[in-house]
Each structure stands twice: as structure tokens, then as C-alpha cells.
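Listed below, chain by chain, are the residues.
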Amino acid sequence: MTGMHKRCYGAFTPFHAPTVIAYDPAMKTKLTFALVSLSENTRNGVSNGWMKPADTDASPRSKFVAAAPMNTVAFLGNYAPRCCGIATFTQDLRSAVKCARPGLHAPVAMMTDDLHGYAYPDEVEIVIDQHDRSHHGQAADALNRSGASVVSLQHEFGIFGGSSGAWLLDLLGALRLPVVTTCHTVLRDPSPEQHQVMCAIAGHSARMVVMTEKGREFLREVYHVPERKIVVIPHGIPDAIVSAEERTVARKSLGWTQRRVMFTFGLLAPSKGIEYAVRALPDIVRQHPDVLYVVAGATHPALLREQGEKYREGLRTLAAELGVAQHLQFIDRFVSRDELINLIAAADLYTTPYVNEAQITSGTLAYAFGMGKPVISTPYWHAAELLAEDQGVLVPFRDSGALADAAIALLDDSAAAQVMSRRAFEKGRIMTWTEVGRNYAATFESTAAPEQAVHTITPFSSTRHSMSSRPSSFTAPQGTRP
């Protein structure tokens, strides 16, 4: 499927942060120097591991260096080659922003869980050990010297060190650059620690980006973030249009030509609720004996360390006990972006049977929906918002019977599945990385030099694309097998 998925990489001019990282040509990997630990007693506002939260309504530019034309954006968070959704997101976002602003320098400050465990790509100029508090503070010094106009922070509590990721506040407290924070998790019922950390992050941030209207609501009502700071930009998806011929080739290469495929992907963990989809298989198979349920993705690293493959093996055992072992297939690895596009294109239905309502963002859902898959999902927050108005099928949590009924109905009615597919694809056009990159670039520019910004952001919630505006080359992914 070459040519189906476009990506754009601009030229990169590295900045230097010699007090933080070095490059060892023999090992072909970046290594951190031994850093001098910062005194917890000398950093302003830090006490017992906490930094005093900033006022969430304070002027976002009060501590920043003077505004300058935006020629460098530094990206801070997880990054490839780490195998996690946020690492992939950060890499895709960086590429999309560089496509939107050719010539932009975009160095990366990468959080790592293993200093010597990765071959860091050239754009990674700062490596921050999430287990070493001193690295968090020292990284701020390097970013301040980087020439960046703005820092794009990817936030999730588990990325940064300290209780509830509180060591991030060391970095933000010492940073003299405006920060645009992308919130990958926004909790409705945070612990006191999580609430304190999130409020402090909001105080240090010039903008807070969320991917759903529910996220905007929580930032306002739970964390009291001013509306003027909040921007809604959807989760990005590949700029991929798959022709019927390409889909046929993909299905043949995967051995799915004679199968009706339900698909789920992402890091495997009990929170994904895969067992409820497996329990739905007997009813589905009775009506459609050619059904195959494919689950792609490696086991979540934390679960793998604690339990090994116990969860995956339990799913295999369950399928055998239910007599549907031949209707369940695992792709047990972290799949590449291009392979994932092939898998989504080749599938007939997509399902996210997650068991926890409190998921504000799902990249896997965004990918499948935006590529035009009919989606069956439980009503966690992101799904409930994205699939509203009959743009997907929502079923109750932990209800295998309802999931089976929804799958059977779509497999029985190819016309209904095709309509759902077209609606999803059309709505997904404002979710492509091309559009998302433009919106982030505009946000960065307005943050770095608000008095000079002229770009506008396309509102996600109010933008609609009619079927009449569909490009003539569009071929919707099929709801039934070819």
C-alpha cells in the first residue's frame, strides 16, 4: 500500500544542550551526563516534593522571555522509539507541525524509562530520566537556552517522575518559555495530588489543549482553568485514503479474503475489556460463521512486568472454552503505523469494548473512526462524544450480548454499515494530521507572539463536512467483505 499514507519531514537543525546529553558515536545512542542534583531546598516553591501551584488565572506570559518570531518549537514528552500511544502521538504531531510550517526547527526533549535502552533519533536533543528528579530541573535550563519560542508539552500523569508526576513541576517552575500543554488525561475525579499537580500545570501553561469537549468541560469545572486558555484540537489521524483495490490487496496479504473481520488494536490490558468481545463471539459466529476477531498490539509494558502474558493467555483459554478459538487472532506486537493502516483498511468493523468510562481520549478510536470504519464501542467519554448522532454504535459496559447484537446488525445490513462508514470518514477529514498540524501551529504562533498571530484555528466541534463535498477520488472503506 505504498503511497497510501503520506508523511512530511522537514530539515532539522539541532540545538545544543551539552549539560544534559552527549552523543556516543560508538554506541550510536544518546547518553545523559551524570547531572548534579538540584537542591530541593533552593528551588522556589518546592516543599516535600511539591512545587507551589501557580495561579491558574495568572498571566501566561508573566515569567517568559520576550516574544520572538516562531522558528523553533521544542516538544516535551514520550517519543519514539518508546512503544506507547503518546510517543507515537508526539512523533506524529511534530511531523505535522513541521509540514504546516516548513523550515521550523523542532527538537525533542524525551522522557525515558531506560537511559541506555533506546537508539534515540537525531531530533531527540534532551533525554530526561523519569526516575531522576534532577533531570527534570536540568532539562528546563537546556530548554531555556535552546532558542525555542514555545514548548509543546505532552502530559499524562505516568510520564513524569514523582507522585502523580509532580517532578514535572520542577521543570515548569524553572522554564522561561511559554508552554502549550496537550492533555492526554483529564480526570473528573482526581485524587488530591492529581488535582494539585494538574492545577499547577495549568498555571504554568499559556494554553491547555484537549481533544474533546468533555475535556474542556472538566478543565473548566474541575480544575478552574479559564476558558481563554483552553483549545480543543482533535486527536490526529493518518492522512490516508484507501482505495477498494488497495483494501483487496491488504485483505489478501493478511489471509482475510474469506473472513468478516472485527478489529481492536492498542496495548493489551484488562481495561480494554477484550473478554467481553470474546464472549460475544459465539452469538456472532452462529449468524456469521466467517467472522474473525483480530486483536493487534503488545501487552502493556507495566502489565507485562507484573503478570507476563497472563491476560492474553486467559483470553485464549476463554475462546477455547467457548468453542471460538478459530475465530480469534492475536497480532502480538507493537505494529508500525503503515501496518496499522493496512489492518484498519482490511477490517470490516472496529470495536473498543473498554470497561472504564473515564477515558477522555482514545487514539485507537480516532484512527479507526477517521479511516471510515463502522465502530461499536462502550460509552467511555471520548466514544460517547465522537460516535454521537448515529456516527457509530454505543453499547453498555460489560454487555457481551449487546455487543453481539450490534455486530450482527451491521454484518446483516451492509447498506447501514456503509452509511456509517461514510459519515465517519467525512467527520474524520478535520482530524487528519494535516489539519491538526495546522491548528497546533496556529496555537503555537498565537502563544509565542499573540500580538503578531494571524492564523485561525478550525473549531472541531462546529465543523461539519457534507457528503456533497466529498472528493471525487474518495472510496469509503467497505462495511462488508469484497
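Heads up: the structure comes first, above all this text.
Trainee: Can you help me understand the packing of aromatic side chains in this one?
Mentor: Aromatic ring pairs are defined here through the distance separating the ring centres and the angle between the ring planes. Counted under the stated rule, the structure contains 10 aromatic pairs. An aromatic cluster is built from Phe263, Phe265, Tyr350 and Tyr367, whose rings are joined through pairwise contacts. Sitting above the plane of the Tyr276 ring, Arg279 keeps its charged end 5.7 Å from the centroid. For the cation-ring pair, Arg429 lies above Phe425, with the distance from its terminal atom to the ring centre recorded as 3.8 Å.

Trainee: Which parts of the structure should I look at to understand the pattern of salt bridges?
Mentor: Note on pairing: side chains with opposite charge can pair once their charged atoms come close. Enumeration according to the criterion identifies 18 salt bridges in this entry. Notably, a salt bridge pairs Glu357 with Arg188, separated by 3.6 Å at the nearest N-O pair. With a gap of 169 residues between them, Glu357 in the loop between β15 (349-352) and α11 (363-370) and Arg188 in the loop between β9 (179-183) and α4 (192-204) connect regions that are remote in the sequence. Its relative accessible area of 31% is what places Glu357 among the partly exposed residues. Residues Arg251 and Asp348 are paired through a salt bridge, measuring 3.4 Å at the closest nitrogen-oxygen approach. Residue Arg251 is found in helix α6 (residues 244-254), and its partner Asp348 is found in the loop between α10 (337-346) and β15; the two are separated by 97 residues along the sequence. By the burial criterion, Arg251 is buried, and Asp348 matches it. Here the residues in one salt-bridge network are Glu213, Arg216, Arg220 and Glu227, joined through shared partners.

Trainee: Any chance you could explain the sheet that holds β15 here in plain terms?
Mentor: Two modes of strand pairing occur in sheets, parallel and antiparallel, and in both the strands are linked by backbone hydrogen bonds. Read across the sheet, 6 strands follow the order β14-β13-β12-β15-β16-β17 without closing on themselves; strand pairing throughout is parallel. Both outer strands of the open sheet, β14 (328-331) and β17 (393-394), are each paired with one neighbouring strand and no more. Sheet topology note: the strand β12 (residues 260-265)/β15 ladder contains 2 bridges and is parallel. Pairing of Phe263 across the sheet is with Tyr350, part of β15.

Trainee: How should I be thinking about unusual backbone geometry in this particular structure?
Mentor: The peptide bond linking Ala80 to Pro81 adopts the cis configuration, its omega dihedral lying at 20 degrees. Here Pro81 is to be found in the loop between β5 (73-77) and α1 (85-100). The backbone of His224 shows a phi angle near 55 degrees, a positive value even though the residue is not glycine. The topology assignment puts His224 in the loop between α5 (213-221) and β11 (230-232). One non-glycine residue, Glu389, adopts positive backbone phi at about 60 degrees. Looking at the element boundaries, Glu389 is found in the loop between α12 (381-386) and β17. Overall, the relative accessible area of 62% leaves Glu389 in the exposed class.

The rules we used
- Residues numbered from 1 in each chain as written.
- Predicted model: local features only at pLDDT ≥ 70, side-chain atom pairs only at ≥ 80, totals over all residues.
- Heavy atoms only, no water.
- Phe/Tyr/Trp six-rings, centres within 6.5 Å; stacked < 30°, edge-to-face > 60°.
- Lys NZ or Arg CZ within 6 Å of the ring centre and 35° of its normal.
- Salt bridge = Lys/Arg side-chain N within 4 Å of Asp/Glu carboxyl O.
- Helix = DSSP H or I, 4+ residues; strand = E, 2+ residues; numbered from the N terminus.
- Buried < 20%, exposed > 50% of the residue type's maximum accessible area, 1.4 Å probe, protein only.
- Pairing = 2+ DSSP bridges.

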